[in-house]
Amino acid sequence: QQQVKQSPQSLIVQKGGISIINCAYENTAFDYFPWYQQFPGKGPALLIAIRPDVSEKKEGRFTISFNKSAKQFSLHIMDSQPGDSATYFCAASKGGATNKLIFGTGTLLAVQP
Amino acid sequence: ETGVTQSPTHLIKTRGQQVTLRCSSQSGHNTVSWYQQALGQGPQFIFQYYREEENGRGNFPPRFSGLQFPNYSSELNVNALELDDSALYLCASTLTSGVHNEQFFGPGTRLTVL
């Protein structure tokens, strides 16, 4: 059962443009939503994360928008750069002893120079 | 501060064999989680260890087992390897101290089962 749905599967953006990746979740018990960036041959690296008590969080060029009623959240990359070309994963977890991460299927972003 | 390290980087096994993958946690972290990432997919949670005890398990059969040592390093063991076990195996370490704890991933071990 896919608990976190991510779209699009791939995305091509021109340098300087805005990259937008969307995720939707089903389990209302989720209360932590991180985004990870993964380069080929590397493990995922935490980019930014949000909790449902806020609707937006910004760190540098990266912004998470969160819509609790719609059970959706998205990653916006402003002024996209070729170095941002990577696979991006959204994830979700719920509080508790384990707080395992449930990942989306990933978005392959290509930023063209 | 050293990050999460994993060994080996790559591994080739044949069906039916057993394999052991190793992970060293980030300095000061006391919790280790293991994930399986099939090609083109997001990581799938296998299990987590906290203070040397299994602390949660995903939908993986018992032939996937693990250990955590007093220095918080960890092993993932897979018995009776199947072709579908071919994947990138990721270790993530965490300092468990609150409700939500950031997970920091290692570079992974690429396992190929022939």
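Please read all numbers here as calculations on a predicted model, not as lab measurements.

Peer 1: Help me out: how do you make sense of the sheet that holds strand β3 (residues 19-24) of chain B in this one?
Peer 2: Whenever strands of a sheet pair, they do so through backbone hydrogen bonds, lying parallel or antiparallel. All names here are of chain B. Taken together, 4 strands build an open sheet; the order of strands is β1-β3-β8-β7 and the sheet is antiparallel. Every other strand in the sheet has two partners, leaving β1 (5-7) and β7 (64-68) as the edge strands with one partner each. Averaged over neighbouring strand pairs, the angle between their axes works out to 20° when direction is ignored. Here β1 runs beside β3; their pairing, made up of 3 bridges, is antiparallel.

Peer 1: Help me out: how do you make sense of the interface of chain A and chain B in this one?
Peer 2: Interfaces are frequently sized by the accessible area removed from exposure as the parts join. The partner chain B presents 20 residues to the 23 residues of chain A that form the contact. Around 1700 Å² of area is buried between chain A and chain B when both sides are counted, 51% of it from carbon and sulfur atoms. Applying the counting criterion to the chain A and chain B interface returns 0 salt bridges. Seen at the junction of chain A and chain B, the total is 3 residue pairs in polar contact (both at pLDDT 80 or more). When grouped by side-chain class, the residues that make up the side of chain A that touches chain B number 8 nonpolar, 10 polar and 5 charged.

Peer 1: Can you help me understand the sheet that holds strand β7 (residues 62-67) of chain A in this one?
Peer 2: Residues and elements named next belong to chain A. An order of β1-β3-β8-β7-β6 is seen for the 5 strands of this open sheet, with the pairing classed as antiparallel. What marks the edges here is a single partner per strand, and that holds for β1 (4-7) and β6 (56-59). Strand-to-strand, the axes of this sheet are offset by a mean angle of 15°, without reference to chain direction. The sheet contact formed by β7 and strand β8 (residues 72-77) spans 6 bridges and is antiparallel. Bridged to Asn-67 within β8 is Gln-72.

Peer 1: It is not clear to me how the nonpolar core should be interpreted in this structure. Could you clarify?
Peer 2: Counting residues in hydrophobic clusters, the biggest one holds 25 residues, and the most contacted among them are Phe-33, Trp-35, Phe-73, Leu-75 and Tyr-88 of chain A. Listing elements by their share of this core, those giving two or more residues are β2 (10-14), β3 (19-25), β4 (33-38), β5 (45-50), β7, β8, β9 (86-92) and β11 (107-112) of chain A. One finds Leu-21, Ile-46, Leu-81 and Val-113 of chain B within the second-largest nonpolar core, a separate group that totals 20 residues.

Peer 1: I tried to follow the layout of surface pockets on my own but got confused; where do I start?
Peer 2: The gaps of empty space that remain are located by a probe, the size of a water molecule, rolled over the atoms. Considering only enclosed or pocket space, the largest pocket measures out at about 530 Å³ in volume. Taken together, 25 residues make up the lining of the largest pocket; nearest its centre are Gln-38 and Thr-87 of chain A together with Gln-37, Leu-39 and Gly-40 of chain B. Secondary-structure elements contributing two or more residues to the lining of the largest pocket are β9 and β11 of chain A. Per-element accounting of the lining of the largest pocket gives the leading share, 3 residues, to β9 of chain A. Here the residues of the lining of the largest pocket sort into 9 nonpolar, 14 polar and 2 charged.

Peer 1: How should I be thinking about the side chain of Thr-109 of chain B in this particular structure?
Peer 2: Residues and elements named next belong to chain B. Among the structural elements, Thr-109 can be located in strand β11 (residues 109-113). Within the structure, Thr-109 has its side chain in polar contact with the backbone oxygen of Pro-8 (distance 2.5 Å). Setting aside chain neighbours within four positions, we find Thr-109 in contact with Gln-6, Ser-7, Pro-8, Thr-9, Leu-21, Ala-87, Leu-88 and Tyr-89.

Rules used throughout
- Residues numbered from 1 in each chain as written.
- Chains lettered and ligands numbered in written order.
- Predicted model: local features only at pLDDT ≥ 70, side-chain atom pairs only at ≥ 80, totals over all residues.
- Heavy atoms only, no water.
- Pairing = 2+ DSSP bridges.
- Helix = DSSP H or I, 4+ residues; strand = E, 2+ residues; numbered from the N terminus.
- Axes fitted to C-alpha atoms, helices over the stretch in contact; angles between N-to-C directions.
- Contact = heavy atoms within 4.5 Å.
- Buried area = accessible area lost by both parts, 1.4 Å probe.
- Salt bridge = Lys/Arg side-chain N within 4 Å of Asp/Glu carboxyl O.
- Polar contact = N/O pair within 3.5 Å; in protein donor to acceptor, adjacent residues only side chain to side chain.
- Nonpolar A, V, L, I, M, F, W, Y, C, P; charged D, E, K, R; others polar.
- Core = buried A, V, L, I, M, F, W, Y, C linked by side-chain atoms within 4.5 Å.
- Buried < 20%, exposed > 50% of the residue type's maximum accessible area, 1.4 Å probe, protein only.
- 1 Å grid on protein atoms, 1.4 Å probe; cavity = no way out; pocket = protein on both sides within 12 Å on 5 of 7 lines; lining within 4 Å.
- Points joined across faces, edges and corners; volume = space filled by probe spheres on them.

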